[in-house]
Amino acid sequence: MASFRILTLNQISAHGLHRFPAARYTVGKSVDRPDAILVRSHDMHAMAIPASVRAIGRAGAGTNNIPIAALSARGVPVFNAPGANANAVKELVLTALLIGARNVVPALRYVEGLDPEAADLEARIEEGKKQFAGVELPGRTLGIIGLGAIGGLVADIAIKLGMKAIGFDPEITVDAAWRLPSSVRKAHSIDEVMKHADFVTLHVPLLPVTRHLIDARRLALARPGTVLLNFSRDAIVDDAAVVAALGAGRLRYYLTDFPGPALIGQPNVVALPHLGASTAEAEDNSAVMVVDQVREFLEHGTIANSVNFPNVEMERESPHRVAIANANVPNMLGQISSAMAKAGLNIHNMVNRSRGEMAYTLVDVESPVGDAVVRAIAGIGGVLSVRAIPAA
Ligand SMILES: NC(=O)c1ccc[n+]([C@@H]2O[C@H](COP(=O)([O-])OP(=O)(O)OC[C@H]3O[C@@H](n4cnc5c(N)ncnc54)[C@H](O)[C@@H]3O)[C@@H](O)[C@H]2O)c1
């Protein structure tokens, strides 16, 4: 029975690590010759990654601490846990929505400024509350820009609270579209969302095209008194334009997880210190998801949620399997199949998928795969890694 060695570079949630069966896995922070490495925020760029490594698992979403290009060149997939923190972010967005609707932050500041010894304390409380009268959510419109894992959950909870939802996502995945409540109105542009919403929330990745997605021009389209929420990334919003829109009454509040220098101290800005994914559950979910993916890869060669490899699944119909990562160039499959034929291996089933410059092939064969054929395939120009994966 094949056994595997897992090196952990950070503290990984025990909920995840417990999913490695002790009989087959050695897991720890000083494991040598690892088959896979699990990491959270440890910077791997300067690290000498051992030749034995077949996979990297990042218990979280961002992978900028991992040298992806160098690992791709070695045919090593990097897995992450997209969506594992989506509920955590959704709950903070919901908190922010309610804080904005009910003027909670200025009301708290008002109370903190009261003199507890004042004889007219009660009168001051009753008098002060008038300025903080809020609005209720049912019937109000929430605009959602980006309808992926987080945006979809936010749309769902908003509708359950009686809100109307209008969403925009030109590249929504089929799965995300399936999950989206049917009452979410489809907008054809961000401008359309800005014009029709009382609250606007952003759930897009930071990319060159989403930098300053919300700028002075788009803010000018918003209804007076709109509440803007940004729990995605700082640079998606032009902070200076937001401060100007708040001053002009175009925006009532800006609630964000990214307290940029232009925002701190602004009266109608509510900024949190990047708390979106900071829950115990999100850490557990990320670890569970990435451990399961790394196990599937080590034990069966299948790939889900890799940032540098295509998704590849193949039902296991034979105990003898070969996994090959190769450059996405012509005639690779022909060369791989003839190396197998030469070694007398009968192909039972085969799947090949590509993603950009990377291709990945799983081949189930009818007899055991010897070292000689693995070496022969490894010697084909363009092959990056080869592994025989016998069934447990
Ligand atoms: N505050 C936090 O701590 C925290 C935690 C997790 C994620 N995030 C942020 O939230 C973002 C969204 O996370 P997710 O898990 O929902 O990601 P996701 O990949 O599931 O969804 C992102 C969606 O945005 C869409 N999109 C891309 N460009 C767009 C555009 N120009 N207009 C409209 N839609 C566009 C994509 O098609 C996709 O459906 C992440 O990229 C990250 O920046 C923040």
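Residues numbered from 1 in each chain as written. Predicted model: local features only at pLDDT ≥ 70, side-chain atom pairs only at ≥ 80, totals over all residues. Heavy atoms only, no water.

### Some details on the overall build of the protein
To keep things clear, this is the line we draw: Working definition: helices are DSSP H or I runs of at least four residues, strands are E runs of at least two. Numbering for both runs from the N terminus. Working definition: with a 1.4 Å probe on protein chains only, accessible area under 20% of the residue-type maximum means buried, over 50% means exposed, and in between means partly exposed. We call two residues in contact whenever any of their non-hydrogen atoms come within 4.5 Å of each other. Using the Shrake-Rupley algorithm and a 1.4 Å probe, accessible areas are obtained, with residue cover drawn only from the displayed protein chains. As used throughout, the charge tally considers Lys and Arg to be positive and Asp and Glu to be negative, leaving His and the chain termini uncounted. To locate a charge, the coordinates of NZ of Lys, CZ of Arg, CG of Asp or CD of Glu are taken.
From N to C terminus, the protein includes 13 helices and 16 strands. For the C-alpha atoms alone, the extent of the protein along its principal axes is close to 90 × 45 × 35 Å. Buried positions account for 46% of the 392 residues belonging to the protein. Taking contacts inside the protein between residues at least 6 apart in sequence as the whole, the part at least 24 apart equals 64%. Accessible area for the protein stands at about 19100 Å²; split by element, carbon and sulfur atoms hold 54% of it. Put simply, the protein has 37 plus and 37 minus side-chain charges, and the middle of one group is 4 Å from the middle of the other.

### Structural notes on the site of the ligand
For clarity, the cut-off: When at least one non-hydrogen atom of a residue lies within 4 Å of a molecule or strand, that residue is treated as near it. Polar contacts, as counted here, are pairs of nitrogen or oxygen atoms within 3.5 Å of one another; within protein the pair requires one atom able to donate a hydrogen and one able to accept it, and residues that are adjacent in sequence qualify only if both atoms are side-chain atoms. Polar here means any residue other than Ala, Val, Leu, Ile, Met, Phe, Trp, Tyr, Cys and Pro, which are nonpolar, and Asp, Glu, Lys and Arg, which are charged; Gly is therefore polar.
Around the ligand lies a shell of 23 residues, among which Ala149, Ile150, Asp169, Asp257 and His274 are the nearest. Here alanine 149 contributes a backbone N or O atom positioned 2.8 Å from an oxygen atom of the ligand. Taking isoleucine 150, its main chain carries an N or O atom lying 2.8 Å from an oxygen atom of the ligand. The fraction of the free accessible surface of the ligand (860 Å²) that becomes covered by protein chains is 82%. By residue class, the composition of the shell around the ligand is 11 nonpolar, 8 polar and 4 charged.

### Re the packing of aromatic side chains
Selection criterion: Ring geometry is summarised as follows: Phe, Tyr and Trp rings, the Trp one being its six-membered ring, pair when their centres sit within 6.5 Å, and such pairs are stacked at plane angles under 30 degrees, edge-to-face over 60 and tilted between the two. The rule for a charge over a ring is simple: NZ of Lys or CZ of Arg within 6 Å of the ring centre, and within 35 degrees of the ring normal.
As enumerated under the stated definition, the model contains 6 aromatic pairs in all. Between the aromatic rings of phenylalanine 20 and tyrosine 25, the centroid separation amounts to 4.7 Å while the plane-to-plane angle is 35 degrees, which identifies the pairing as tilted. Given a relative accessible area of 5%, phenylalanine 20 falls into the buried group. Judged by relative accessible area, tyrosine 25 falls into the buried class, the value being 6%. When the centroid spacing of 5.7 Å and the interplanar angle of 70 degrees are considered together, the rings of phenylalanine 309 and tyrosine 360 count as edge-to-face. Placement of the pair is phenylalanine 309 in the loop between helix H11 (280-300) and strand S13 (320-327) and tyrosine 360 in strand S15 (residues 358-365), with a sequence separation of 51 residues. Judged by relative accessible area, phenylalanine 309 falls into the buried class, the value being 0%. Members of the aromatic cluster, connected to one another through ring pairs, are Phe79, Phe297, Phe309 and Tyr360. Sitting over the face of the ring of phenylalanine 297, arginine 387 holds its NZ or CZ atom 4.5 Å from the ring centroid.

### Here we look at the pairing of strand S6 (residues 141-145)
This is how it is decided: One bridge is not enough; two strands pair if DSSP finds at least two bridges between them. Whether a crossover is right-handed depends on one test, that the path from the first strand over the helix to the second runs clockwise when the strands point away from the viewer.
Within S6, 5 of the 5 residues are buried, leaving the element largely enclosed by the surrounding structure. Neither face of S6 is open: one carries Thr141, Gly143 and Ile145, the other Leu142 and Ile144, and all of them are buried. Sheet topology note: the S6/strand S7 (residues 164-168) ladder contains 5 bridges and is parallel. Note on S7: the bridge partner recorded for leucine 142 is alanine 165. Tracing the backbone out of S6, into helix H6 (residues 149-160) and back to the parallel element S7 gives a crossover that is right-handed. Strand direction decides the pairing type here: S6 and strand S9 (residues 199-202), joined by 4 bridges, are parallel. Within S9, the position partnered with isoleucine 145 by the bridge is leucine 202.

### Section: the sheet that holds S15
Applicable threshold: For every element, the axis is a line fit to its C-alpha atoms; helices are fit only across the contacting stretch, and the angle between N-to-C directions ranges from 0 to 180 degrees.
Strand order across the open sheet formed by 4 strands is S14-S15-S13-S16, with antiparallel pairing between neighbours. Edge positions in the sheet fall to strand S14 (347-355) and strand S16 (383-390), since each has one partner strand and no second. Averaged over all pairs of adjacent strands, the angle between their axes in this sheet comes to 15 degrees, without regard to strand direction. Pairing of S13 with S16, which is carried by 7 bridges, proceeds in the antiparallel orientation. Directly across from arginine 321, in S16, lies its bridge partner isoleucine 389. Seen against the sheet, helix H13 (residues 371-378) touches S13 and S16 and runs at an angle of roughly 160 degrees to S16.

### Quick notes on the domain arrangement of the protein
We count it as follows: Boundaries of every domain are those given by an automatic assignment or by a domain database.
The domain boundaries assigned to the protein delineate domain 1 (1-84 + 278-308), domain 2 (86-97 + 134-271) and domain 3 (310-392). When each unit is reduced to the centre of its C-alpha atoms, the spacing between domain 1 and domain 2 is 33 Å.

### Topic: the side chain of aspartate 257
Note the threshold: Any carboxyl oxygen of Asp or Glu that lies within 4 Å of a side-chain nitrogen of Lys or Arg is treated as forming a salt bridge with it.
Note that aspartate 257 resides in the loop between strand S11 (251-256) and strand S12 (269-271). The charged side chain of aspartate 257 is buried without a salt bridge, its nearest counter-charge being arginine 233 at 6.9 Å. Polar contacts involving the side chain of aspartate 257 include one to the main-chain amide nitrogen of glycine 276, which spans 2.7 Å. In contact with aspartate 257, other than residues within four places in its own chain, are Leu92, Asn230, Phe231, Leu272, Pro273, His274, Leu275 and Gly276.

### Points about the pattern of salt bridges
Inspection of the entire model under this criterion finds 13 salt bridges. Note that lysine 130 and glutamate 127 form a salt bridge whose closest N and O atoms lie 3.2 Å from each other. Here lysine 130 and glutamate 127 have matching classes, each one exposed. A network of salt bridges, in which partner residues are shared, links Arg24, Arg295 and Glu299.

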